[in-house]
Amino acid sequence: MTAEHDILDEYLSNHGFKKTKQRHDILDVFLNSGRHISAYELHALLQRKHRGIGFSTVYRTLGILTKCGIANEVNFGDGQARFEKAFKREAHGHIICTKCGKTEEFDISSLAEFKKQAADKAGYVVSGCRFEIYGLCQKCRS
Ligand SMILES: [Zn+2]
Ligand SMILES: [Zn+2]
């Protein structure tokens with residue numbers, strides 16, 4: 001059991017959901033998957049080991065993982081929601097190739113002051129931040 005499994009269990013019991021093995025299987029496969037996985041990709045991975053899990057269960061569980069801070073939903077402009085691990089991870093920016101969909105991550109801690117100034121000026125308290133850059137990767141340019 002990882003900390004993420006404890007968090008999930010706590011969330012499920014606090015919200016009156018059943019603590020099912022399926023949800024933990026989904027979490028396991030999610031934690032071992034690569035970066036930025038879509039619900040379809042996660043479902044396909046799950047089918048290898050856990051044939052019985054339906055797509056809607058995967059989709060709903062990703063929603064739960066997002067609500068309890070284990071996952072973060074990211075969107076790279078192609079209409080496909082993707083999920084990445086969020087627990088104990090610093091916020092980061094993404095750079096996305098508009099041709100092949102390749103993504104890189106980069107550190108945005110240097111933007112902290114900029115973020116604070118912009119929010120202060122508008123009278124907001126920051127609750128989240130997204131930073132995405134679109135372009136063509138080296139391979140797609142050649
Ligand atoms: Zn590319
Ligand atoms: Zn990311």
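The sections below set out a description of the structure shown in this document. (Residues numbered from 1 in each chain as written. Chains lettered and ligands numbered in written order. Predicted model: local features only at pLDDT ≥ 70, side-chain atom pairs only at ≥ 80, totals over all residues. Heavy atoms only, no water.)

Attention now goes to the packing of aromatic side chains. This model, assessed by the stated rule, comprises 3 aromatic pairs. Here the aromatic rings of Y40 and F55 are separated by 4.7 Å at their centres, their planes lie at 15 degrees, and the arrangement is stacked. With a gap of 15 residues between them, Y40 in helix α3 (residues 39-49) and F55 in helix α4 (residues 55-67) connect regions that are remote in the sequence. Relative to F131, the ring of F106 has its centre 5.8 Å away and its plane inclined at 90 degrees; by these criteria the two rings are edge-to-face. In this pair, F106 sits in strand β5 (residues 103-107) while F131 sits in the loop between α5 (112-122) and β6 (132-135), placing the two residues 25 residues apart along the sequence. Residue F106 is classed as partly exposed on the basis of its relative accessible area, which comes to 25%. Taking relative accessible area as the criterion, F131 reaches 29% and is therefore assigned partly exposed. (Phe/Tyr/Trp six-rings, centres within 6.5 Å; stacked < 30°, edge-to-face > 60°. Helix = DSSP H or I, 4+ residues; strand = E, 2+ residues; numbered from the N terminus. Buried < 20%, exposed > 50% of the residue type's maximum accessible area, 1.4 Å probe, protein only.)

So, about unusual backbone geometry. Positive phi, close to 55 degrees, is recorded for H36, a residue that is not glycine. Its location among the elements puts H36 in the loop between α2 (21-31) and β1 (37-38). The backbone of K88 shows a phi angle near 55 degrees, a positive value even though the residue is not glycine. Turning to its location among the elements, K88 is positioned in the loop between β3 (81-85) and β4 (92-97).

Moving on to the environment of V74. Note on placement: V74 falls in strand β2 (residues 71-75). Residue V74 is classed as buried on the basis of its relative accessible area, which comes to 2%. Separated by 39 residues in the primary sequence, V74 and E113 have C-alpha atoms spaced 23 Å apart. Every residue in contact with V74, bar those within four places of it in the chain, is listed here: H36, Q80, A81, R82, F83, E84, H94 and R130. (Contact = heavy atoms within 4.5 Å.)

Within the first shell, the zinc ion (ligand 1) binds the protein through C97 (SG), C100 (SG), C137 (SG) and C140 (SG), at distances of 2.3 Å. Geometry at the zinc ion (ligand 1) is tetrahedral, judged from its 4 donor atoms and the angles of 104 to 114 degrees they form at the metal. You can call C137 buried: its relative accessible area is 12%. Accessibility expressed as a relative area gives 18% for C140, which makes it buried. (Donors = N, O, S within 2.8 Å, 3.2 Å for Na, K, Ca; no water. Tetrahedral: all angles 85-135°; square planar, octahedral: opposite > 155°, others 65-115°.)

Turning our attention to the pairing of β4. For β4, a buried count of 5 out of 6 residues is recorded, marking the element as mostly surrounded by other parts of the structure. In this sheet, β5 lies alongside β4 in antiparallel orientation, the contact comprising 5 bridges. Paired with G93 across the strands is F106, a residue of β5. Connecting β4 to the antiparallel partner β5 that follows it, the hairpin turn spans 5 residues, and G101 within it adopts a positive phi of roughly 85 degrees. In terms of strand pairing, β4 meets β6 through 4 bridges, oriented parallel. Paired with I96 across the bridge in β6 is Y134. (Pairing = 2+ DSSP bridges.)

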